[in-house]
Amino acid sequence: MEQRKENVMGTKPIRTLLPGMAFPIMLSMLVQALYNVVDSIFVAMLSENALASVNLVFPVQNLMIAVAVGTATGINAILSRRLGEKNYAAAEKVAANGVLITLVTWLAFAAFGAVGSAWFLDMFTKVPEIAAGGTVYMRIVTVLGLGSFMQITFERILQSTGKTVYQMISQMTGAVVNIILDPIMIFGLLGFPAMGVAGAALATVIGQWCGMVTGIVINHIKNHEVRLRPAGFRPEWRTIRSIYQVGFPSIIMQSLSSVMMFGMNKILIAFTETAVNVFGVYFKLQSFVFMPVFGVTNALVPIVGYNYGARSSQRIQQATRLSLLMTTAIMALGTVIFQVAPGPLLSLFSASDTMLSIGIPALRIISVSFCFAGVAIVFSSVFQALGDGMLSLVMSAVRQLLLLLPCAFVLAKLGGLDAVWFSFLIAEVASVTLAVVFYRSLYNKKIRHI
C-alpha cells in the first residue's frame, strides 16, 4: 500500500496550526479588499458613466464568485474529510470531480455572457455609453472568466491539506497583477493603448489567469497528498452530489448579500442618495474587518472537516474555541476603529459634509454588531465543515431577508434614517442566538460521541 505523510491537520497542535493556516489567508484577503477599493478608484477616474458600467455588471460578477466559492467550499470540506479518513483514492476523486464541475460552471457563465450581455445591460440603462461599456466589460469577465473559477478551486484544494501559504501566493499573485495592470490598461501607459472600461476587465481576467496558473503549478509541485490524474476526470455523481450538499447552501448564502444590498438601497434612497453612498462606503470599509475573519474561518473548515473524518472530537472543539477567540479579537479591534475614527474613514472617499453627518453615526451604530457577527460566522463555518451547510443557509436567510430588511423598513418608518442602522445590530444578535442553538444540537448529534 502507498504510504503518505501524516497530514498536519491531524497532528500539529491547534494553537499553532490554526493561526499558521489562517494568517496567510488573512493577508491575501486583505490584498483582495485593497484591490476592490483601488479598482473602483481607477475606473471612477474615467467618468461616472464608466463607473456605472462596471457597477451594473457587479451582480453578475458577485454571482460568479458566489458559485465558485460555494462549489470550492464543498470541495474543501469533502476533500478534508476523505483525507482525515486516510481514503486517498476517494480524496483524489473529490478533487478531480471538483475541477470538472468548476469547468462546466464557467462554461455556463461564458455562454450567458457571450449572448446575453447586451440584453442584461438593456434592463438597467438606455444611456449608450453606460450600456456599451457594461456590455464589453461583462463579455470579457464572463467569457474569459475561467481563471477566476479555477483559481478559487485550486486554492481550496491547497487549503484542504493545510498549505495556506501557497494559497496566499496564488491569490496575491492574481490581485497584485490586477492592481498593476489596471492603470496601465485603462489609461494606456507604457505603450499600451488606452482601453478604458475594457482595459479594467482585461486587467481583471489576466490577474485571475495568473492566479490560476500559479495555483495549478503549486498544486502539482507541492501538494503530494492530492494528485490529479487524467483517469480521475470522470464524473462520479455520488461525489458531485456530496460536494453540492455542502456547497449549494454556501452558493445561495453568498448570493443573498446581493438581494440584501438591493433591498437596503431601496429603503435608503427614499431618504437621500447620500444614504445609499454611505451604505456603499461602509461595505468597502467593513471588508477590511471581515476579510481577516473569513481568513480564520477558511482555515477552520478543513481543520474541522479533517478531524471529523479522523474522529477527533477534542481537536474539533479546540479549533472552534480558538477561532472564536481570534475572530472576536479582530472584530473588537474593528469596532474600536469604527467608533474612534469614522470621520477619517469616510474622508478616504472624499465624503461631503452631508455624507459625514449621515455616515459618522451610521458607522458607529453598525460596528457595535461586529463581535456578534464574528461568532455567527465561526459557527456557520463549522456547520459547513461537518456537512450541514443547510444550517448556514438558514442562518444567512434569517439574518439578511427575514430580519435585517424588515427591521430596516420598520425602523425607517418609525425612527427615520438614523434608526435604520440599528437593524444590523438586531439582525446579528438574533443570528448569533440561532447559531448557538444550532451548534448545541449539532454538537450533541455529531461531535460529542466521536
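You'll find the structure just up there.
To start, this report covers the structure provided alongside it.

Each value, and the rule that gives it
Residues numbered from 1 in each chain as written. Predicted model: local features only at pLDDT ≥ 70, side-chain atom pairs only at ≥ 80, totals over all residues. Heavy atoms only, no water. Helix = DSSP H or I, 4+ residues; strand = E, 2+ residues; numbered from the N terminus. Buried < 20%, exposed > 50% of the residue type's maximum accessible area, 1.4 Å probe, protein only. Areas by Shrake-Rupley, 256 points an atom, 1.4 Å probe, with all protein chains shown as cover. Lys, Arg positive; Asp, Glu negative; His and termini not counted. Charge placed at Lys NZ, Arg CZ, Asp CG, Glu CD. Salt bridge = Lys/Arg side-chain N within 4 Å of Asp/Glu carboxyl O. Patch = residues over 30% accessible without salt bridge, like charges linked within 9 Å, V, L, I, M, F, W, Y side chains within 5 Å. Phe/Tyr/Trp six-rings, centres within 6.5 Å; stacked < 30°, edge-to-face > 60°. Axes fitted to C-alpha atoms, helices over the stretch in contact; angles between N-to-C directions. Parallel < 35°, antiparallel > 145°, perpendicular 65-115°, else oblique. Contact = heavy atoms within 4.5 Å. Nonpolar A, V, L, I, M, F, W, Y, C, P; charged D, E, K, R; others polar. Core = buried A, V, L, I, M, F, W, Y, C linked by side-chain atoms within 4.5 Å. Left-handed = near helix turned anticlockwise from the far one by under 90°. Expected span 1.5 Å × (residues − 1).

Attention now goes to the overall build of the protein. The helix and strand inventory of the protein stands at 17 helices and zero strands. Taken along the three principal axes of its C-alpha coordinates, the protein extends 65 × 50 × 35 Å. With 450 residues in all, the protein has 57% of them scored as buried. When the accessible surface of the protein is split by element, carbon and sulfur atoms take 68% of a total near 18800 Å². Distance between charge centres in the protein, computed from 30 positive and 17 negative side chains, equals 14 Å.

Moving on: the pattern of salt bridges. Throughout the structure, instances matching the rule amount to one salt bridge. Between Arg399 and Glu428 there is a salt bridge, and its shortest N-O distance comes to 2.7 Å. One end of the pair, Arg399, is in helix α15 (residues 389-415); the other, Glu428, is in helix α17 (residues 422-447), and 29 residues separate them in sequence. Taken as a pair, Arg399 and Glu428 share a single burial class, namely buried.

A few words on a nonpolar patch on the surface. The grouping of Phe112, Trp119 and Met123 at the surface amounts to a nonpolar patch, some 330 Å² of accessible area in total. The topology assignment puts Phe112 in helix α4 (residues 88-122). Among the residues examined, Phe112 registers a relative accessible area of 33% and is labelled partly exposed.

Using the criterion set out here, one finds 12 aromatic pairs in the structure. Their ring planes at 45° and their centres at 6.4 Å tell us that Phe290 and Phe294 sit as a pair that is tilted. Taken together, the positions of Phe290 and Phe294, both in helix α10 (residues 273-309) and four residues apart, correspond to about one turn of that helix. Ring geometry for Phe290 against Phe370: centres 5.5 Å apart, planes inclined by 85°, an arrangement best described as edge-to-face. With Phe290 in helix α10 and Phe370 in helix α14 (residues 370-385), this pair connects stretches of sequence that are 80 residues apart. What makes Phe290 buried here is its relative accessible area of 10%.

In helix packing, the relevant descriptors are the interaxial angle and the interaxial distance, both defined with respect to the helix axes. At their nearest, the axes of α14 and α15 sit 6 Å apart, and the two run at 150° to each other. One finds that α14 runs roughly antiparallel with respect to α15. Counting all contacts with α14, which are made through Ala376, Ser380, Phe383 and Gln384, the residues of α15 involved are Gly389, Leu391, Ser392 and Met395. The residue makeup of the contact of α14 with α15, split by class, is four nonpolar, four polar and no charged.

With that out of the way, let us pick up the nonpolar core. Met264, Leu268 and Trp421 are the most contacted members of the largest nonpolar core, which totals 124 residues. Top element by residues in this core is α10. It accounts for 19 residues. Every residue in contact with Leu268, bar those within four places of it in the chain, is listed here: Ala275, Val276, Phe279, Leu417, Val420 and Trp421.

Positive phi is not limited to glycine here, since Leu190 has a value of about 55°. Structurally, the position occupied by Leu190 is in the loop between α7 (164-187) and α8 (197-222). Exposure remark for Leu190: the relative accessible area of 72% places this residue in the exposed category.

Below, the discussion takes up the packing of α14 against α17. For the pair α14 and α17, interaxial distance at closest approach is 8 Å and the crossing angle is 35°. In this structure, α14 crosses over α17, and the sense of that crossing is left-handed. Across the interface between the two elements, Phe372, Ala373, Val375, Ala376, Phe379, Val382 and Phe383 of α14 pack against Leu425, Glu428, Val429, Ser431, Val432, Ala435, Val436, Phe438, Tyr439 and Leu442 of α17. Tallied by class, the residues present in the contact of α14 with α17 amount to 15 nonpolar, one polar and one charged.

Attention now goes to the environment of Val57. Assignment of secondary structure puts Val57 in helix α3 (residues 48-84). Sequence separation of Val57 and Ile450 is 393 residues, and the distance between their C-alpha atoms is 47 Å. Setting aside residues no more than four positions away along its own chain, Val57 makes contact with Phe120, Leu121, Gly134, Tyr137, Met138 and Val141.

Glancing now at helix α5 (residues 128-143). The terminal C-alpha atoms of α5, which comprises 16 residues, lie 22 Å apart, in line with the 22 Å expected from a rise of 1.5 Å per residue. Of all the positions in α5, only Ile130, Ala131, Gly133, Gly134, Thr135, Tyr137, Met138, Ile140, Val141 and Thr142 are classed as buried.

Moving on to α17. The end-to-end C-alpha distance of α17 is 36 Å, a good match for the 38 Å that 26 residues give at a rise of 1.5 Å each. Listed as buried for α17 are Ser423, Phe424, Ala427, Glu428, Ser431, Val432, Ala435, Phe438, Tyr439, Leu442, Lys446 and Ile447.

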